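# Survey of secondary and tertiary structure
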Amino acid sequence: MKKNLLLMASILSLSLLTACSSTPKEEPKTAEGLFQQAQDYLQKTSYTKAAETFEKVELEHPYSALAAKSRLMAAYAYYEDKKYDDAIIALDRFIKYHPGNKDIAYAYYLKAMCYYEQIVDVSQDQSNTQKAMQALREVIIRFPNTEYAKDARLKLDLTVDHMAGQEMSIGRWYLGQENYLSALNRFSTVVNQYQTTTQIEEALYRQVEIYTILGLNTEAQKAYQVLEYNYPKSKWTKQAMRLIEKGMTDKKA
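Residues numbered from 1 in each chain as written. Predicted model: local features only at pLDDT ≥ 70, side-chain atom pairs only at ≥ 80, totals over all residues. Heavy atoms only, no water.

## Some details on the overall build of the chain
When its secondary structure is counted, the chain shows twelve helices and zero strands. Starting at the N terminus, the α and β elements of the chain follow one another as α-α-α-α-α-α-α-α-α-α-α-α. Here the chain holds 253 residues, and 45% of them are scored as buried. Long-range contacts, defined as pairs at least 24 residues apart, comprise 54% of the intrachain contacts of the chain with a sequence gap of at least 6. (Helix = DSSP H or I, 4+ residues; strand = E, 2+ residues; numbered from the N terminus. Buried < 20%, exposed > 50% of the residue type's maximum accessible area, 1.4 Å probe, protein only. Contact = heavy atoms within 4.5 Å.)

Printed below as a string of structure tokens:
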């Protein structure tokens, strides 16, 4: 979708001026001249200059036909420059003042991407992951039949799986510390809230493991039955079965 973003940025732009002469010229004064200059900076990957020049279009020509488009293009330039906070500010302004603009779906999608690109390893703070989830869902709800919604659905699945992965990581840490109840709470969160993620099989197994450790064999059996019914061929199911069998043997002894 990275290529799509660049493609959409090109589509959003306008072919406004003929090729420039090789001789030096004055700083552009018109909205069209500034916009073309910003486009030139963008093509040269001079993203900071591009963003500044796009913003200059809006500041110096607020009532021109290019003012709104320049605000959106400035946000794209900031995004490419990895200045996500600046991009989000520009996008929020665009969304607020131009809710009916033909490029509004792109604005919402680009905002979601700003958060998505800042997702970090599960061992770190996940506030941007949560914001990405909310922004991606908003794209899907508002613009369900667009290419942006299609890509947002794919990215949302990855984002949700990432959140589940964090719960699993913390749960494993608690388990290693023998803080079984805290670990169980984390694994149960995955079972209850992230059932469609790739983490679910291990989460169910960990429930069986902890219930067995705590001597709660009935609860261990229930968790195992859910795991075995849904994932009969999983490696986690085989490991859970061994725990159940061992628990039954220990009980008889």
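## Section: unusual backbone geometry
Phi is positive for Lys82, which is not a glycine, with a value near 65 degrees. Tracing the chain through its elements places Lys82 in the loop between helix H4 (67–80) and helix H5 (84–97). When its relative accessible area of 56% is taken as the criterion, Lys82 is described as exposed. For Glu178, which is not glycine, the phi torsion reads 60 degrees and is therefore positive. Its relative accessible area of 56% is what places Glu178 among the exposed residues.

## Section: the nonpolar core
Most often, soluble globular proteins keep nonpolar side chains buried together rather than apart. Counting residues in each nonpolar core, the largest one holds 75 residues, and the members touching the most others are Leu42, Phe54 and Val208. Ranked by residue count, the leading element in this core is helix H6 (residues 104–116), at twelve residues. Excluding residues within four positions of it along the chain, Val208 makes contact with Ala220, Ala223, Tyr224, Ala240, Leu243 and Ile244. (Core = buried A, V, L, I, M, F, W, Y, C linked by side-chain atoms within 4.5 Å.)

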